[in-house]
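Here are the chains, one letter per residue:
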Amino acid sequence: MSFVAKEKKIRIADYLRSLGYSPVKQQRVNLWYKSPFRKENEPSFKVNTEREQWFDFGLGKGGNIIALAAHLYATESVPYILKRIEEQTPHVRPVSFSFHRQSATEPSFQQLDIVQLSSPALLSYLQERGINTALAKRECREAHFTNNGKRYFAIAFPNISGGYEIRNRYFKGCIAPKEISHIRQSGEPRKACYVFEGFMDYLSFLTLRLESCPQSPDFDRQDYMVLNSVANVSKALYPLGSYERIHCFLDNDRAGMEALQQIRKEYDNTRHIRDASHIYSGCKDLNEYLQKRAETKKQAQSIRMKTPPNKPGGFRL
């Protein structure tokens, strides 16, 4: 089955749920949401579950799931839109499991408990990704939940609205609401903010900084922002306006470049914006760079080679 045919079977409500959006109310076949395109107090975004059509009364526009993704990712390229929906499909399936048969209003997470990150399986998974587990325990929590009568657990990274990005070895998803994560340091406001697409990249940065500068990693010299999806870049623009310098550690792909361009379009004339993706050139993202770096280091150690800790070109920003 081609993906064009497959995506027509993905319900808009399930797709929105995978992005972290839940309906505020239901009126027969209509689900009402707070718009994913802006902040609002009253829902103005309607999904007709019978016709699989949406309409945003604020925009005065609507359509099918492809039209929705086109607005979310700010592009008219159908191949790119289909690719983004396909990439999001794993977010839907593992969380909803049998989402074609699931009620549109049934929550994806029941009996949710958020506890301290301590599962050996999750910590082992983080180690495989090259992440320093002590840093992960400081930044993340652990989510335990029930789905279809079965118990699951995952790493949980908090956002600014009380939701969580969740991930384990087998899936990633979101406990609504879907939002950015903004880590502000205490004391005087910082002049710089480092922006990441996902929390694995944020944890990768902290790990790399600690490895390069174990005595003084200076984690608190700047604030941090994790988009938790490039679709959230519009939500990040206003809080980013309070910084003089914005360093972007976004993915080396089209979506990452488009997110960077949105930030530059908003602030290029008034803020210093740095594209830090050259640091991990040749890798999809910062976490892939970390994993390759760790593998290279392991190979070097196996032949008893040592790298000076202050070697020029090391990971330092």
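Everything numeric in this text was worked out from a predicted model, so none of it was measured.

Concerning the sheet that holds strand β15 (residues 272–275)
- One open sheet holds the five strands; their spatial order is β11-β13-β12-β14-β15, and the pairing between them is mixed. Of all the strands in the sheet, just β11 (181–183) and β15 have a single pairing partner and so form its edges. Averaged over all neighbouring strand pairs, the angle between strand axes comes to 15 degrees, with direction disregarded.
- Relative to strand β14 (residues 245–249), strand β12 (residues 192–196) runs parallel, the two sharing five bridges.

Quick notes on the pattern of salt bridges
- All told, the structure shown has 11 salt bridges when counted by the stated rule.
- A salt bridge links E211 to R293; the shortest N-O distance between them is 3.0 Å. Pair noted here: E211 is in helix α7 (residues 199–212) and R293 is in helix α10 (residues 286–302), with a separation of 82 residues, a long-range link.
- For K292, the salt bridge is made with E288, and the minimal N-O distance between the two is 3.4 Å. Of this pair, K292 and E288 both sit in helix α10, separated by four residues, roughly a single helical turn.
- According to the relative accessible area criterion, E288 is partly exposed, its value standing at 26%.
- Bridged by salt links that share partners, the residues R11, D14 and R17 form one connected network.

So, helix α8 (residues 233–240)
- Of all eight residues in α8, six are buried; the element is thus mostly enclosed.
- All buried positions along α8 are accounted for by V233, K235, A236, L237, P239 and L240.
- Looking at the buried side of α8, the elements it contacts are β11, β12, β13 (223–226), β14 and α9 (254–267).

Some points on the side chain of R17
- Relative to the helices and strands, R17 is located in helix α2 (residues 12–18).
- According to the relative accessible area criterion, R17 is buried, its value standing at 12%.
- Within the structure, R17 has its side chain in polar contact with the side chain of D14 (distance 2.6 Å).

With respect to the sheet that holds strand β1 (residues 25–27)
- In space, the five strands of this open sheet follow the order β1-β2-β3-β4-β5, with antiparallel pairing throughout. Strands at the two margins of the open sheet, each flanked by one partner only, are β1 and β5 (61–63). Neighbour-to-neighbour, the strand axes of this sheet turn through a mean angle of 20 degrees, independent of strand direction.
- Bridge count between strand β4 (residues 53–56) and β5: three bridges; the pairing is antiparallel. Following the sheet pairing, W54 is matched in β5 by G63.

About the thresholds
- Residues numbered from 1 in each chain as written.
- Predicted model: local features only at pLDDT ≥ 70, side-chain atom pairs only at ≥ 80, totals over all residues.
- Heavy atoms only, no water.
- Pairing = 2+ DSSP bridges.
- Helix = DSSP H or I, 4+ residues; strand = E, 2+ residues; numbered from the N terminus.
- Axes fitted to C-alpha atoms, helices over the stretch in contact; angles between N-to-C directions.
- Salt bridge = Lys/Arg side-chain N within 4 Å of Asp/Glu carboxyl O.
- Buried < 20%, exposed > 50% of the residue type's maximum accessible area, 1.4 Å probe, protein only.
- Contact = heavy atoms within 4.5 Å.
- Polar contact = N/O pair within 3.5 Å; in protein donor to acceptor, adjacent residues only side chain to side chain.

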